[in-house]
Each structure stands twice: as C-alpha cells, then as structure tokens.
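Overview (structure and organization)
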Amino acid sequence: MTEFEQFDIAIIGGGLAGGLAALALDARGFSCAVVDAQDPSLMGGQGFDGRTTAISYASARVFKRLGLWDAISPGAEAIRDIVVTDGRARGRFDDGAISTFQLHFDSRELGGDQPLGWIVENQLLRKTLNDAIAGADHISMLAPARRASTRYENAQAVTELEDGRSLATALVVAADGRFSSLRAEANIKVNQWRYRQTGIVATVVHERSHQGVAQEFFLPSGPFAILPLTDNRSSLVWTERADAAAAFLALNEKDFRREIENRFGPYLGKLEVTGKRWSYPLAFHLAQSYIALRLALIGDAAHAIHPIAGQGYNLGVKDIAALADVLRDARELGLDIGSLGVLDNYQRWRRFDSATLALGTDLLNRLFSNDIGPLRIARDIGMGAIGKVAPLRKIFMRQAGADLGKLPSLMAAES
Ligand SMILES: Cc1cc2nc3c(=O)[nH]c(=O)nc-3n(C[C@H](O)[C@H](O)[C@H](O)COP(=O)(O)OP(=O)(O)OC[C@H]3O[C@@H](n4cnc5c(N)ncnc54)[C@H](O)[C@@H]3O)c2cc1C
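Below or above, wherever it landed, is the structure these notes cover. The structure displayed is predicted, hence computed values, not measured ones.

Next up on the list: the site of the ligand. The environment of the ligand is formed by 28 residues, the closest being Ala17, Asp36, Ala54, Asp300 and Tyr313. Side-chain polar atom of Asp36 to an oxygen atom of the ligand: 2.7 Å apart, as the coordinates give it. Take Gly310: an N or O atom from its main chain is 3.0 Å from a nitrogen atom of the ligand. Secondary structure elements with two or more residues in the shell around the ligand: helix H1 (16-27), strand E4 (52-56) and helix H10 (312-332). Taken together, the residues of the shell around the ligand break down into eleven nonpolar, eleven polar and six charged.

The strand order across the open sheet formed by four strands is E1-E12-E11-E10, and the pairing between neighbours is mixed. Looking at strand neighbours, the two that pair on one side only are strand E1 (4-6) and strand E10 (147-152), the edges of this open sheet. This sheet shows a mean twist of 25° between the axes of neighbouring strands, independent of strand direction. As paired elements, E1 and strand E12 (residues 166-169) share three bridges and run parallel to each other. By the bridge assignment for E12, Gln6 is matched with Ala168.

Here is a general trend for soluble globular proteins: nonpolar side chains tend to be buried in one another's company. Grouped together as the largest cluster of nonpolar side chains are 86 residues, with contacts concentrated most on Ile9, Ile11, Leu20, Phe63, Ile298, Leu327 and Tyr346. A total of eleven residues in this core trace back to one element, the largest contributor, which is H10. For Leu327, the residues in contact, after removing those within four places along its chain, are Ile9, Leu25, Phe30, Leu171, Ile337, Val342 and Leu343.

Taken as a whole and assessed by the stated rule, the structure comprises five aromatic pairs. Arranged with centres 5.1 Å apart and planes meeting at 70°, the rings of Trp69 and Trp118 form a pair that is edge-to-face. One end of the pair, Trp69, is in helix H4 (residues 69-72); the other, Trp118, is in strand E8 (residues 117-121), with 49 residues separating them in the sequence. Taking relative accessible area as the criterion, Trp69 reaches 10% and is therefore assigned buried. By relative accessible area, which is 10% here, Trp118 ends up buried. Members of the aromatic cluster, each reached through a chain of ring pairs, are Phe224, Trp238, Phe248 and Phe256. Sitting over the ring of Phe248, Arg263 keeps its end group 5.2 Å from the ring centre. Residue placement shows Lys276 over the ring face of Trp278; its charged tip is 4.1 Å from the ring centre.

Before going further, it helps to examine helix H8 (residues 242-249). Within H8, the full set of buried residues consists of Ala244, Ala245 and Phe248. Seen end-on, H8 carries its buried residues on one side only, within an arc spanning 110°. In H8, the exposed positions that point more than 90 degrees away from the buried face belong to Asp243, Ala246 and Ala247.

With that settled, consider helix H3 (residues 57-65). Within H3, seven of the nine residues are buried, leaving the element largely enclosed by the surrounding structure. Residues of H3 that are buried include every one of Tyr57, Ala58, Ser59, Ala60, Arg61, Val62 and Phe63, and no others. One or two positions beyond H3, positive phi appears at Gly67, with a value near 75°.

With that settled, the discussion passes to the pairing of strand E15 (residues 213-219). Burial of E15 is extensive: seven of the seven residues sit out of reach of the surface. The alternating pattern of E15 places Val213, Gln215, Phe217 and Leu219 and Ala214, Glu216 and Phe218 on opposite faces, both of which are buried. Here strand E6 (residues 81-85) runs beside E15; their pairing, made up of five bridges, is parallel. Paired with Thr85 across the two strands is Phe217, which belongs to E15. Examined bridge by bridge, E15 and strand E16 (residues 222-229) share five bridges and lie antiparallel to one another.

Moving on to the sheet that holds E4. If you trace the three strands from one edge of the open sheet to the other, you get E4-E8-E5, paired in antiparallel fashion. For this open sheet the edge positions go to E4 and strand E5 (77-79), each flanked by a neighbour on one side alone. The sheet shows a mean angle of 30° between the axes of neighbouring strands, taken without regard to direction. Examined bridge by bridge, E5 and E8 share three bridges and lie antiparallel to one another. When the bridges of E8 are listed, Ile79 appears paired with Gly117. Sheet strands touched by H3: E4 and E8. Its angle to E4, the strand with the most contacts, is close to 95°.

Cut-offs applied
- Residues numbered from 1 in each chain as written.
- Predicted model: local features only at pLDDT ≥ 70, side-chain atom pairs only at ≥ 80, totals over all residues.
- Heavy atoms only, no water.
- Near = heavy atom within 4 Å.
- Polar contact = N/O pair within 3.5 Å; in protein donor to acceptor, adjacent residues only side chain to side chain.
- Helix = DSSP H or I, 4+ residues; strand = E, 2+ residues; numbered from the N terminus.
- Nonpolar A, V, L, I, M, F, W, Y, C, P; charged D, E, K, R; others polar.
- Pairing = 2+ DSSP bridges.
- Axes fitted to C-alpha atoms, helices over the stretch in contact; angles between N-to-C directions.
- Core = buried A, V, L, I, M, F, W, Y, C linked by side-chain atoms within 4.5 Å.
- Buried < 20%, exposed > 50% of the residue type's maximum accessible area, 1.4 Å probe, protein only.
- Contact = heavy atoms within 4.5 Å.
- Phe/Tyr/Trp six-rings, centres within 6.5 Å; stacked < 30°, edge-to-face > 60°.
- Lys NZ or Arg CZ within 6 Å of the ring centre and 35° of its normal.
- Arc of directions from axis to C-beta.

So, in structure tokens, the structure goes:
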C-alpha cells in the first residue's frame, strides 16, 4: 500500500511564485509541500536566472510582512523616477537625439519618501525565498522532484511524484509556470499568443550614477528598459524582433556593447556589459479559469504577460496574498479549503483584475512597438496629456506600485 505524506497544501513549482506562496500560506498556519523539478541549491546561483524584477511598493509590503525584506533590501535599488520616452530609432541612430515625447513619473509626487518600487536581481529573490523555506517548520521542500500526476477526490487531492512519493492534500496550488501541466490536465483553456519578440537581458556597469531613474525607450522593435541596480549597475530588458534577436545575441563583446550604447545614449557615461546575455521568447497566456475542484492557479500558470510594464510577478504576488486571505477566512469558518465554493472567492478577486492588467500591457506593447505615423501621433498626444495632468500621473504611479483595487491584507498600506 502507498504511504501518503499528508499536508494541507501541495504547491507544484518552487519558482518565485511557488516559493512566496509557501511562505505566505505557512504564515497563515497551513502546512505545505513545495515540489520543484529543479535543484533549489542552484536557483540562487549566477547561471540560473539573469533577470531582475521590478518589485512594486505594494508587493514589497508582502516581503516585509513575511520577514524577508531584511535579506533583500541590501541588494534592492529604489526606483525614484520613471522616464518613458517615445524614442524612434531613426532619431537616436542618425542624430543621437533622444526623441520627442517624454513622460516623467516622480515618486516624490506621491508624498513621503516612498519609492515607486525596487529593482532586485532574481537570483537574490530566489535565494531569499529558498533560505526562508529551509528555516520554516511547516514547509517541506521536495526538490529536485517532478510531479507525475494528480487525482482529485471528494475529500483530498493525491499527487504522485516521479520518484514514487505520494502527497495527500486538501488543495493543490499550480505554480508550475506558463506551460502549467496541472492547468492542462484540469482542461482549463488558455488565451495565448506569441509576440514575435524576444526579451534580451543583460547587466551593465556604468561610469555615472543612474540616480534611481528607470528609463524606458519605446523603439519600433519594442521597449528598451534600463533598470537601476546597486553599485552603478543597470539591468537591460531589450525587447527585439524575434527574427533579429539571435543576430544581436551572437555579436562579439565590442559590437554588442556598441548596439547597447546606440540605444542607451551617453547619459550614464562609459559602460561595460558584465556577465551572460540572456534571452526570453515573449508570449501572452491567460487562463480562462483560475480554479477547479482542489486546484488554484497562481503566477505564470494563471497569466504570463509582456514585460513592458514589469508587472508579471507583481500580479503573482497579489494572487498569493489574496489566496492566503481567502484560505484563512475559509478555515476560520470551518470550510473545506479545496472546495469550489471557497476557491471561487479567490477567482472572483483575482481573475478580472489580472486580465485587465494583462490586456492593458498587451495593448501598450502593440501601440508602442511600431513606427506607424498616425499611431505615433496618437500616443504622443496621449503621453503629452498624461504628462500635464498631475492626478493622471498619480494614478499611473499607483498602478505601477500595484497599489490600486482591493488589496489583500499582506499588501495593504498600514492604516
Ligand atoms: C524578460 C522578463 C522580464 C521580467 N521582468 C519582470 C519585472 O520587472 N517585474 C515583474 O513583476 N515581473 C517580471 N517578469 C515576469 C516574471 O519573471 C514571471 O512572472 C515570474 O518569474 C513567474 O514565476 P512563476 O513562479 O509563476 O513561474 P516559473 O518561474 O516558470 O516557475 C515554475 C516552476 O515550476 C516548476 N515545474 C514546472 N512543472 C513541474 C513539474 N511537473 N514538477 C515539478 N516542478 C515543475 C519549474 O521547475 C519552475 O521552477 C519578467 C519576465 C521576463 C520574461
């Protein structure tokens, strides 16, 4: 007879979403097993994930309340300003001008000393989550281990791992990424499309200080973001046409730097690319349902969006905080946390909100990743209007801070 390991919740996927979910649910008193196919000791290393994440100020509250921020803050660079430029390649390449329309979001306009967010290297986030999980009494990290199958029964879900172990839980959380097999097996349909764009990611060291300014240039091939990091470094997220990206990635060091300098302009002085170049094919996935009996989708398993606004993981953080509130309330009322009635509260809270933001970022990318005259005029008029109206600018800043809508208790501002 198979021996079951019993937990309240099995979390499949120990990435940024799964790891944080385990800690948030542990803080609400649930015992969790986290299953990931990859070795956690490699996840915090240099060669695992070259990306950085813009953590919004509302998401940062979650890390603070879970006691994780002290480990993150020495490596987190505050975003004081965001400058968005409708930069046309022609203008920048031929005459070196940083083109025409600019929008400036200044965190000081929101009052106080609150930055708009922080840029943190993913390897630091992953290490912090995994260290905290290793120290938690009621979380078992089962990794490397791959989920083989899950069957949903009236009173429990049984998850079999490829190594022969079996987990019996009241709920399974799918944090298994954009190609979620749990989602597919539950027959949850997905709206999806490819962007024919690749995100090229690299880190540069530069001569001058970035002064906490995040820059985003909208070039015809896609947005080019320069995100401030600690120690006079910046992280680049260079969205390029997929058919051209391979050639840029294959350039020698000198030519790659020259391409970056052409897009960067001179404002940070001399720069040097450090470390590996990374590339990510960009696509949109939005699950048509976030739940099934004994199953809840979070993070990229529920929605994977264009990185243009740096909001993908922030949406996942809100999923996690909302799920933690819903499950805590259900348990206090003596309800079954895996029942459809309980999980529907989670879905109603999160699905509309994340679909709106996901489609908004899609529209933004379509509107800006081109050089079509009438569209350029329309967006420049739009940018001009936002730039002149302070309340509109504040709404955009609060949106970037993920501080709008109904906030779960881990994310809400101190009253
Ligand atoms: C270029 C780029 C820049 C970005 N920048 C930002 C940003 O600035 N701000 C922001 O908020 N977001 C950003 N994002 C989005 C963010 O990176 C993702 O939303 C986030 O990493 C998703 O994490 P996840 O844990 O949901 O999924 P994943 O990272 O895909 O993790 C899924 C995990 O599940 C495991 N798994 C899958 N199947 C199984 C199985 N059968 N058994 C066991 N384990 C399994 C995998 O091993 C993996 O570890 C960016 C994305 C890109 C591409």
